[in-house]
Amino acid sequence: MSALPRLTRRGLLLAGAGVSLVLIGAFSGFTDLVRAGIFALLLLVLSVLTLFVATRASAQVRHVGPRLPLEPGDRERVAVHAELSLSARFSGATLQEPHTFGGPTPSWPVEGRHFDGEYAVSAPHRGRFVTGPTRLVVRDPFGLAHLTRDVAARREIRVWPRQDVALTPQRERSLVGDSSIESHLAFGGEVGASVRQYVRGDDMRLVHWPATARRGELIVRQLDPPTDETARARLVGHVETPGVDAGWEGLVEACASWLSARARAHQPFALRVGAETYRDLHDAMDALAVAGDCPLVDDAASAHVVFVHADTAGSLGPAPSGGEAFVAGSPDAVTSMRARLDADGWSTHTVPEAVSYTHLRAHETPEHL
């Protein structure tokens, strides 16, 4: 907000011209040039003084939209309704609403006491976006100076990651004696398999050969019944800002899809993002919208499901019962990370990179936008 009137580019040029005419006229002895320069400066002063009429300019602003939750590629409209004070209805007044969604700043001329306007927003990726503060800009009749007042606070809008990544539970048939047991390894809380050291008498068909090769001793699968219906998940990796790493974006979308599927099935979850754990869907999606710094910590293996960026340093350790790891990143890094996780008994899956968000959902796009 500008507390005092400021000169426009035209006003600065006029001020420079006026000062130059006064100096040139004074040194050359041409009084007409001095008078012209003084006249230009007086006009500038008069323009600035007229703006003090608008120092009490105000507006009551109300916003409608965008419709939330907002996902990448969605195109929504923001409606702006304003009630303007008498001093705000000044010649040359405009209402502006800067935002970080991209594109030009919406600007509307002020006419009358009531104002209604709208503009469209579309987020190219998940993240934190801002609209406002709404500004009332008043100019003098000559366009030499302007006064800016903030008439509505800025608003933060979190764009959730898309939730349409298909995650299919992997099914594995394990033989114990003469019976067949289907082990669902996709989601925590269901029957799964962990790994342990071989004990004399264990069925050799239960040997987990990748883990055996990695550790240099016999490792077998152990079928474990579920002990807790709450599925624990963790997001592991690091990026500077949302939208800069396609692999990370795909991983976050996979995590959001997993979360959404559990919520629709009314299954409890505990999602660890960074240093916080979330059990509410809305709070978890808000956290995923800005997720970027999610380091690997010692208790990572306590999660049933881990979404891990392939460039992550360190190891998740042995897989818990039903442990699944979804991996994203560069092809070479994904291959290396999956080999390490497979050796530790994790059931691993590769997550594709996020697609470009240049499309719009036509069935959700208002025709007039």
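Overview of the structure. The shown structure was predicted, so the numbers you read here are calculated from the model rather than taken from an experiment.

Within this structure, the stated rule accounts for 8 salt bridges. In this structure, Arg67 and Glu76 form a salt bridge, with 2.9 Å as the shortest nitrogen-oxygen distance. Between Arg128 and Glu156 there is a salt bridge, with its nearest N and O atoms 3.3 Å apart. Of this pair, Arg128 sits in strand 7 (residues 127-131) while Glu156 sits in strand 10 (residues 155-159); the two residues are 28 residues apart in sequence, bridging distant segments of the chain.

Here we come to the sheet that holds strand 6 (residues 114-122). Sheet architecture is open: 3 strands sit in the order 2-3-6, paired in antiparallel fashion. The outermost strands of the open sheet, each flanked by one partner alone, are strand 2 (59-64) and strand 6. Geometrically, the sheet is characterised by an average inter-axis angle of 20 degrees between neighbouring strands, direction not taken into account. In this sheet, strand 3 (residues 75-84) lies alongside strand 2 in antiparallel orientation, the contact comprising 6 bridges. Bridge pairing in strand 3 links Arg62 to His81.

Before going further, it helps to examine the packing of aromatic side chains. Applying the stated criterion across every chain yields a total of 5 aromatic pairs. Measuring from centroid to centroid gives 4.8 Å for Phe101 and Phe129, while their planes differ by 10 degrees, and the two rings are stacked. Of the two residues, Phe101 is situated in the loop between strand 4 (94-96) and strand 5 (107-109) and Phe129 in strand 7; the sequence distance between them amounts to 28 residues. Its relative accessible area of 7% is what places Phe101 among the buried residues.

Another aspect to go through is the sheet that holds strand 1 (residues 6-7). Across the sheet, which stays open at both edges, the 5 strands sit in the order 1-9-8-4-5 with antiparallel pairing between neighbours. A single partner strand is all that each edge strand has here, and the edge strands are strand 1 and strand 5. In this sheet, strand 5 lies alongside strand 4 in antiparallel orientation, the contact comprising 3 bridges. Looking at strand 5, one finds that Leu95 is bridged to Trp108. Each of strand 1, strand 8 (134-139) and strand 9 (145-152) is contacted by helix 2 (residues 31-51), which is oriented at about 20 degrees to strand 9, the strand it contacts most.

Take the packing of helix 4 (residues 246-264) against helix 5 (residues 281-289) next. Taken N-terminus to C-terminus, the directions of helix 4 and helix 5 make an angle of 175 degrees; their axes are 11 Å apart at the nearest point. If you check the angle between helix 4 and helix 5, you find them roughly antiparallel. Two secondary-structure elements touch here, helix 4 through Val252, Cys255, Ala256, Leu259, Ser260 and Ala263 and helix 5 through Leu281, Ala284, Met285 and Leu288. Tallied by class, the residues present in the contact of helix 4 with helix 5 amount to 9 nonpolar, 1 polar and no charged.

Taking 1.5 Å as the rise per residue, helix 6 (residues 331-343) with 13 residues should run 18 Å; its terminal C-alpha atoms sit 19 Å apart, in good agreement. Along helix 6, the residues that are buried comprise Ala333, Val334, Met337, Leu341 and Ala343. Residues of helix 6 that are buried sit in contact with helix 3 (209-215), strand 19 (305-309), strand 20 (324-328) and strand 21 (347-350). Two residues or fewer past helix 6, Gly345 is found with a positive phi of approximately 90 degrees.

A few words on helix 4. For helix 4, with 19 residues, the first-to-last C-alpha span of 27 Å sits near the 27 Å given by 1.5 Å per residue. For helix 4, the side-chain oxygen to backbone nitrogen distance between the N-cap and Gly247 is 2.9 Å, and the N-cap itself is Asp245.

On the surface, Leu4, Val45, Leu49 and Phe52 cluster together to form a nonpolar patch covering roughly 380 Å² of accessible area. Considering the arrangement of structural elements, one finds Val45 in helix 2.

So, about the nonpolar core. Counting 29 residues, the largest nonpolar core has Leu235, Trp258, Leu259, Leu271, Leu288 and Phe307 as its most contacted members. At the level of secondary structure, the elements contributing two or more residues to this core comprise strand 15 (231-238), helix 4, strand 16 (269-273), helix 5, strand 19 and strand 20. Looking at this core element by element, the count peaks at 8 residues for helix 4. Core analysis: the next-biggest nonpolar cluster, separate from the first, contains 24 residues, Ala59, Val78, Ala82 and Val121 among them.

Parameters at a glance
- Residues numbered from 1 in each chain as written.
- Predicted model: local features only at pLDDT ≥ 70, side-chain atom pairs only at ≥ 80, totals over all residues.
- Heavy atoms only, no water.
- Salt bridge = Lys/Arg side-chain N within 4 Å of Asp/Glu carboxyl O.
- Helix = DSSP H or I, 4+ residues; strand = E, 2+ residues; numbered from the N terminus.
- Pairing = 2+ DSSP bridges.
- Axes fitted to C-alpha atoms, helices over the stretch in contact; angles between N-to-C directions.
- Phe/Tyr/Trp six-rings, centres within 6.5 Å; stacked < 30°, edge-to-face > 60°.
- Buried < 20%, exposed > 50% of the residue type's maximum accessible area, 1.4 Å probe, protein only.
- Contact = heavy atoms within 4.5 Å.
- Parallel < 35°, antiparallel > 145°, perpendicular 65-115°, else oblique.
- Nonpolar A, V, L, I, M, F, W, Y, C, P; charged D, E, K, R; others polar.
- Expected span 1.5 Å × (residues − 1).
- Polar contact = N/O pair within 3.5 Å; in protein donor to acceptor, adjacent residues only side chain to side chain.
- Patch = residues over 30% accessible without salt bridge, like charges linked within 9 Å, V, L, I, M, F, W, Y side chains within 5 Å.
- Areas by Shrake-Rupley, 256 points an atom, 1.4 Å probe, with all protein chains shown as cover.
- Core = buried A, V, L, I, M, F, W, Y, C linked by side-chain atoms within 4.5 Å.

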